[in-house]
Amino acid sequence: MSDALAPYDTAAPDAYWMPSRDGGIHRLGPMPAPWAKVRGGTIKSITLSDKPRINRRWSREWAAQQSDKQFTSAVETDVRPVVVENLTVRDTHLAVNGKWLVTGPAGARLLGTTGRAAKKARGQDASVEELNAFFTQASQHPSELPLWQGDIAGLDFVIEARNLKNYFHFVRETFSVLALIADLDGFTGRIIIVAQDRDVPAFVLAHIAAIFPELRDKVDVHQAPATFERAIIAHYSDSSYFYQHEDKIEGLIPDHQALAKGEIGTNLMKLIILNSYPRSLQKLREVAHKRIEDQRFEHLPDRFWVSRRATPGHDRTIENEDEILALLEPYGFKKIYFEDYAPLTQVGLLRDADIMISYHGAGFTNMLYAGPQARIIELGTLQTARLRMDDFTGFANASQADYTVAVADFPDEFGDDIPPMRGAGIYPVRMSDAAVANLIALVKTL
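Residues numbered from 1 in each chain as written. Predicted model: local features only at pLDDT ≥ 70, side-chain atom pairs only at ≥ 80, totals over all residues. Heavy atoms only, no water.

One pass over the full model with this rule turns up six cavities of 30 Å³ or more. Estimates place the volume of the largest cavity at around 250 Å³. Around the largest cavity, the lining is made up of 22 residues, and of these Leu94, Thr103, Ala106, Ala234 and Tyr236 lie nearest the centre. Sorting the residues of the lining of the largest cavity by element identifies α3 (104-122), β8 (157-161), α5 (167-182) and β11 (226-236) as the ones contributing at least two each. If one sorts the elements of the lining of the largest cavity by residue count, α3 sits on top with five residues. Grouping the amino acids of the lining of the largest cavity by side-chain chemistry returns 15 nonpolar, four polar and three charged. Of the voids in this model, the second largest cavity is the one considered here, and its volume is about 100 Å³. Elements with a contribution of two residues or more to the lining of the second largest cavity: α3, α7 (268-275) and β12 (276-278). Of the residues in the lining of the second largest cavity, the class split is eight nonpolar, three polar and two charged. (1 Å grid on protein atoms, 1.4 Å probe; cavity = no way out; pocket = protein on both sides within 12 Å on 5 of 7 lines; lining within 4 Å. Points joined across faces, edges and corners; volume = space filled by probe spheres on them. Helix = DSSP H or I, 4+ residues; strand = E, 2+ residues; numbered from the N terminus. Nonpolar A, V, L, I, M, F, W, Y, C, P; charged D, E, K, R; others polar.)

On to the packing of aromatic side chains, then. Tallied over the entire structure, the rule returns 24 aromatic pairs. For the ring pair Trp35 and Tyr241, a centre distance of 3.8 Å and an interplane angle of 10 degrees mean the geometry is stacked. With Trp35 in strand β2 (residues 35-38) and Tyr241 in the loop between β11 and α7, the pair connects residues that are 206 residues apart, well separated along the chain. Each member of the pair, Trp35 as well as Tyr241, carries the same accessibility label: buried. (Phe/Tyr/Trp six-rings, centres within 6.5 Å; stacked < 30°, edge-to-face > 60°. Buried < 20%, exposed > 50% of the residue type's maximum accessible area, 1.4 Å probe, protein only.)

In this section: the sheet that holds β2. With mixed pairing, three strands are arranged side by side in an open sheet as β2-β4-β12. The two strands at the open ends of the sheet, each matched to only one other strand, are β2 and β12. If you compare each strand with its neighbour and ignore which way they point, the axes differ by 30 degrees on average. One ladder, built from four bridges, connects β2 with strand β4 (residues 74-77); its direction is antiparallel. In the sheet register, Trp35 faces β4, and the bridge partner there is Thr77. (Pairing = 2+ DSSP bridges. Axes fitted to C-alpha atoms, helices over the stretch in contact; angles between N-to-C directions.)

Moving on, we come to the sheet that holds strand β16 (residues 375-380). Working definition: the strands of a sheet are paired by backbone hydrogen bonds and lie parallel or antiparallel to each other. One open sheet accounts for six strands, arranged β3-β17-β16-β15-β13-β14; its pairing is parallel. Every interior strand has two partners, whereas the edge strands, β3 (42-47) and β14 (334-336), have only one. With strand direction ignored, the average angle separating the axes of adjacent strands in the sheet is 20 degrees. Note that β16 and strand β17 (residues 402-407) share six bridges and pair parallel. Of the residues in β17, the one forming a bridge with Arg375 is Asp402.

Below, the discussion takes up the layout of surface pockets. Each pocket or cavity is described by its volume, and for the second largest pocket that value is around 340 Å³. Where the lining of the second largest pocket is concerned, the elements lending two or more residues are β5 (79-90) and α8 (279-291). Among the residues forming the lining of the second largest pocket, the class breakdown is eight nonpolar, two polar and six charged.

Moving on: the pairing of strand β13 (residues 303-306). Side-chain alternation along β13 places Arg303 and Trp305 on one buried face and Phe304 and Val306 on a second face that is also buried. In this sheet, strand β15 (residues 355-359) lies alongside β13 in parallel orientation, the contact comprising four bridges. Paired with Arg303 across the two strands is Ile355, which belongs to β15. With three bridges joining them, β13 and β14 adopt parallel strand pairing.

Right, let's talk about the nonpolar core for a bit. The biggest cluster of nonpolar side chains holds 77 residues, and the ones touching the most others in it are Phe175, Ile211 and Tyr369. In terms of residues, this core owes the most to one element, α5, which gives 10 residues. With near-sequence residues (within four places) excluded, Tyr369 lies in contact with Tyr167, Phe175, Ile211, Leu284, Arg285, Ala288, His289, Val347, Leu350 and Arg351. Counting residues in hydrophobic clusters, the runner-up holds 49 residues, among them Ala6, Ala15, Trp17 and Phe134. (Core = buried A, V, L, I, M, F, W, Y, C linked by side-chain atoms within 4.5 Å. Contact = heavy atoms within 4.5 Å.)

This paragraph deals with the packing of α5 against α8. Two numbers describe how α5 lies on α8: the axes approach to 8 Å, and their chain directions differ by 70 degrees. Classed by the angle they form, the pair α5 and α8 counts as roughly perpendicular. Regarding α5 and α8, the two cross each other, and that crossing is left-handed. For the pair α5 and α8, contact is made by Val171, Arg172, Phe175, Ser176, Ala179 and Leu180 and by Arg279, Ser280, Leu281, Lys283 and Leu284, respectively. For the contact of α5 with α8, the per-class residue count stands at six nonpolar, two polar and three charged. (Parallel < 35°, antiparallel > 145°, perpendicular 65-115°, else oblique. Left-handed = near helix turned anticlockwise from the far one by under 90°.)

The subject of this paragraph is α3. For α3, with 19 residues, the first-to-last C-alpha span of 26 Å sits near the 27 Å given by 1.5 Å per residue. Regarding α3, the residues found buried are Gly104, Pro105, Ala106, Gly107, Arg109, Leu110, Leu111, Thr114, Gly115 and Ala118. Positive backbone phi, at 100 degrees, marks Gly123, one or two positions downstream of α3. (Expected span 1.5 Å × (residues − 1).)

For β15, a buried count of five out of five residues is recorded, marking the element as mostly surrounded by other parts of the structure. Of the two faces of β15, both are covered, the one formed by Ile355, Ile357 and Tyr359 as well as the one formed by Met356 and Ser358. Two strands pair when backbone bridges link them, and β15 and β16 are joined in this way by five bridges, in the parallel orientation. Residue pairing in the sheet places Tyr359 in a bridge with Leu379 of β16.

Below you can see the structure in the form of structure tokens.
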């Protein structure tokens, strides 16, 4: 454990782990192509705002997103267990042999952290040039990982967890990895979740016990930072697509987009996440559906409005929620709270769902379990559409659901102004009478 970690403002080629240079990561078997084209979901948007300014702005940004950020197909990115040596978990990032890993959820956060530090130290242009230099250098050398020659008995599986208290982060970044572990032959060690806080919410334990009962007694939570001489981790092949040049998918990224020209910016991971999902999510979906394959849920509504109970200092409830629900009830809608249902019941609820409507929040994570017949409508604002849409597109692509992002208004206090997008948390959604009428008109067509 002698390798010191590079400061976050270190130039990317010197800071990031390269397969041909740094070593310490070993595959356990064949490694398929990093990306594979899949059918994906149907992702749409509508505007419900009363403000022409917001409607015009989102219409422009939605069109630009379709042109400049959308691939020609959804993608499944590969995730495989690998053996690593000299592993460090620090600040929600991962490093091997003293070099930061720029893959997976930890890598996405790393790009933000190091990008901001490099920009402050040397400027935006330099930080982007350095990132491109890393991928250029990595692509010039063999990228295949060496095969692990020993067995894995007794090795622990380490998962970095950004936030166990948030259902979205738990499912996407931590829980889904358990699906890889459940399928890992010869694994006899512990599952070490390294988190910033060792307190484990009850819902985390409940979901593990329900969907991975064989693993429930293997899980320990350690507080970050942590180091491991040897362990198993999930190796994400998301960003590695850009240095495994032999595995390129022709026509996937439109020619006019920067990525197709080899121009990789600091928003790389957001572009990948917008268009893809990791294989671990699909495996979690399959395991969860297998758990309920013989169960029936006719007693549950197939059209429902998902509400959220307010907690101190955290209440984004739509003010006229009851009035909206009264107008939805004639179309078969019921109001539910996900937390009232056991984990497997939540899976069944979405598997059999016809229409789910709610306002922006972690509950849309359950879209992962939706059947392809499901229509999911998220009521949000210009803020959530611009900054958080990619939170849930991966779940829609994995489930092949029909996902509509509806852009409504900010709270009345802002009038015709558009509030700051960053630095103030997530604003509640305001639904005017006209917006509600347009929502009901949409429901009538479904």
